[in-house]
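# What the coordinates show
The chain contents come next:
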Amino acid sequence: MSSCSSILNENAEVSRSIPQEIAAPLARSVTRIEADGVVEGCEDGTVEPPPPLEINDPDISLAYGLNQIRAPEAWSISVGSGCRVAVIDTGVDRSHPEFHGRIEPGYNFVADSDQPEDDNGHGTHVAGIVGASAGNGRGAAGSAPNCRIIPIKVLDNNNLGTWSDVVSGILFAVDAGA
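These remarks concern the structure in this document. These numbers come from a predicted model, not from an experiment.

Criteria and cut-off values
Along each chain, residues carry numbers from 1 onward, in the same order as the chain's sequence is written. For a predicted model such as this one, the threshold for reporting local features is a pLDDT of at least 70, and the threshold for listing and counting side-chain atom pairs is 80 or more; totals across whole chains, interfaces and linings nevertheless cover every residue. Remark: hydrogens and water are excluded; side-chain values derive from all non-hydrogen atoms of the structure. Two strands form a pair only when DSSP identifies at least two bridges running between them. In DSSP terms, a helix is any run of H or I states spanning at least four residues, a strand is any run of E spanning at least two, and both are numbered starting from the N terminus. Throughout, exposure labels follow a simple rule: accessible area from a 1.4 Å probe, protein chains only, divided by the maximum for the residue type, with under 20% read as buried, over 50% as exposed, and the rest as partly exposed.

## What to know about the sheet that holds strand β1 (residues 84-89)
Spatial strand order, β1-β3-β2: 3 strands in an open sheet with parallel pairing. Two strands close off the open sheet at either side, each with one partner strand: β1 and β2 (107-108). The pairing of β2 with strand β3 (residues 148-153) spans 2 bridges and is parallel. Across the sheet, tyrosine 107 pairs through a bridge with isoleucine 152, a residue of β3.

Here's what the structure looks like:
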């Protein structure tokens, strides 16, 4: 097993492609982690990039935030496959076609049930920003279009809730692997 910094140095071509505003803090963090002795070493793993996304979503130009966060560039590295994202909000419309096959079991802390349906629309909108499918010919695309979504309802139809439900939602998300 190698040191993490030596792997970063050996992969200079990859390291050069990381924007400086990310690379410098990453290098400092690696140095601190190695100095703490918590991490014994790193292994150089190869990650296959995802196949290119076919973007045919008619409303993609309306999703101005995707360009702001440089999502199209990031999609050449990851599209969120294997990631779980908890949407802690008013719930999620679990039958929405943008999330087909990617909704995991969630919880409704407002009604104390396993039915985290969205009766407001805000949580579904947030879930779309994060994980709307790409290349399905409808709507727009999310920043991580292949992620799995864990719907957690902590706010009612008026967007009101309690801090205890929010805390419970966060703990549920952590326990669910988000």
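On we go.
## Description of unusual backbone geometry
Within the chain, aspartate 112 stands out as a residue other than glycine whose phi angle is a positive 55 degrees. Position of aspartate 112 among the secondary structure elements: in the loop between β2 and α6 (122-131). For aspartate 112, a relative accessible area of 59% translates into the label exposed. The backbone of asparagine 159 sits at a positive phi, close to 70 degrees, despite the residue not being glycine. One can find asparagine 159 in the loop between β3 and α7 (163-175).

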